[in-house]
Amino acid sequence: MKKTLVWLIGLLLLGLLAGCGEAPVAEVPVEIPDFVPASVGDVPADIPVSTAAADVQIGVTDSSTHVRYLADSTDVDVLVDYYDDALAAEGWEASELEDVTVRADTETTATLVRVNDAGDTITVDVAHQDGEDNTEVEVVVVRADP
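Residues numbered from 1 in each chain as written. Predicted model: local features only at pLDDT ≥ 70, side-chain atom pairs only at ≥ 80, totals over all residues. Heavy atoms only, no water.

Brief notes about the packing of aromatic side chains
Okay, step 1: All told, the structure shown has one aromatic pair when counted by the stated rule.
Okay, step 2: On the numbers, 4.9 Å between centres and 80° between planes, the contact of tyrosine 82 with tyrosine 83 is edge-to-face.
Okay, step 3: A relative accessible area of 28% means that tyrosine 82 is categorised as partly exposed.
Okay, step 4: The positively charged end of arginine 68 is found above the aromatic ring belonging to phenylalanine 35, 3.5 Å away from the centroid. (Phe/Tyr/Trp six-rings, centres within 6.5 Å; stacked < 30°, edge-to-face > 60°. Buried < 20%, exposed > 50% of the residue type's maximum accessible area, 1.4 Å probe, protein only. Lys NZ or Arg CZ within 6 Å of the ring centre and 35° of its normal.)

Written out as structure tokens, the structure reads:
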């Protein structure tokens, strides 16, 4: 349930951000895959995964790769900083959408969106529920040319 909520919050934030720009943003339907347990070694090289990752799962569709895991951290800002650096190191550049962090009463979420030279888009959603010992991370890459 929490993972679905994280995914929906990320999509909502992206939708809100897309509405803030001057140019319309094309909607790209993303099929939600069946997830299977995986190791970090199963994840494509251009998708960074924190060394604090546990319970890694991966799902692949014709045009996208989804990776989700629990990070052994309760600090969303540490994970955002990690992804900011790691994505840049893998050639991902800032998109027209700004990074967003939302701090609510019982949850902190963050969303980062980057693009690469091939036109692929990567979205990183990080969510921590107060009282939990870990943080949920979901990374989705939509390939421009599947």
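What to know about unusual backbone geometry
Okay, step 1: Positive phi, normally seen in glycine, also occurs at aspartate 55, with a value near 55°.
Okay, step 2: One can find aspartate 55 in strand β2 (residues 53–60).
Okay, step 3: A residue is classified by how much of its surface remains accessible, and aspartate 55, at 56% relative accessible area, is exposed. (Helix = DSSP H or I, 4+ residues; strand = E, 2+ residues; numbered from the N terminus.)

A closer look at the nonpolar core
Okay, step 1: In terms of nonpolar packing, the biggest core is built from 23 residues, with Val67, Tyr69, Tyr83, Val124, Val126, Val137 and Val139 touching the most fellow members.
Okay, step 2: Counting only elements with at least two residues in this core, the list comes to β2, β3 (64–71), α2 (76–89), β6 (107–115), β7 (121–129) and β8 (135–142).
Okay, step 3: Ranked by residues supplied to this core, first place goes to α2 with five residues.
Okay, step 4: With sequence-adjacent residues up to four places away left out, valine 126 is seen in contact with Val76, Leu79, Thr108, Thr109, Ala110, Thr135, Glu136 and Val137. (Core = buried A, V, L, I, M, F, W, Y, C linked by side-chain atoms within 4.5 Å. Contact = heavy atoms within 4.5 Å.)

Things to note about the pairing of β3
On a regular strand, one side chain projects to one face of the sheet and the next to the other, so that they alternate.
Okay, step 1: Taken across its eight residues, β3 has eight buried, putting it largely inside the fold.
Okay, step 2: Of the two faces of β3, both are covered, the one formed by Ser64, His66, Arg68 and Leu70 as well as the one formed by Thr65, Val67, Tyr69 and Ala71.
Okay, step 3: The pairing of β2 with β3 spans six bridges and is antiparallel. Each residue of the ladder has a partner; that of alanine 54, found in β3, is leucine 70.
Okay, step 4: If you look at the hairpin formed by β2 and β3, you'll find three residues sitting between the two strands.
Okay, step 5: One ladder, built from eight bridges, connects β3 with β8; its direction is antiparallel. Directly across from alanine 71, in β8, lies its bridge partner threonine 135. (Pairing = 2+ DSSP bridges.)

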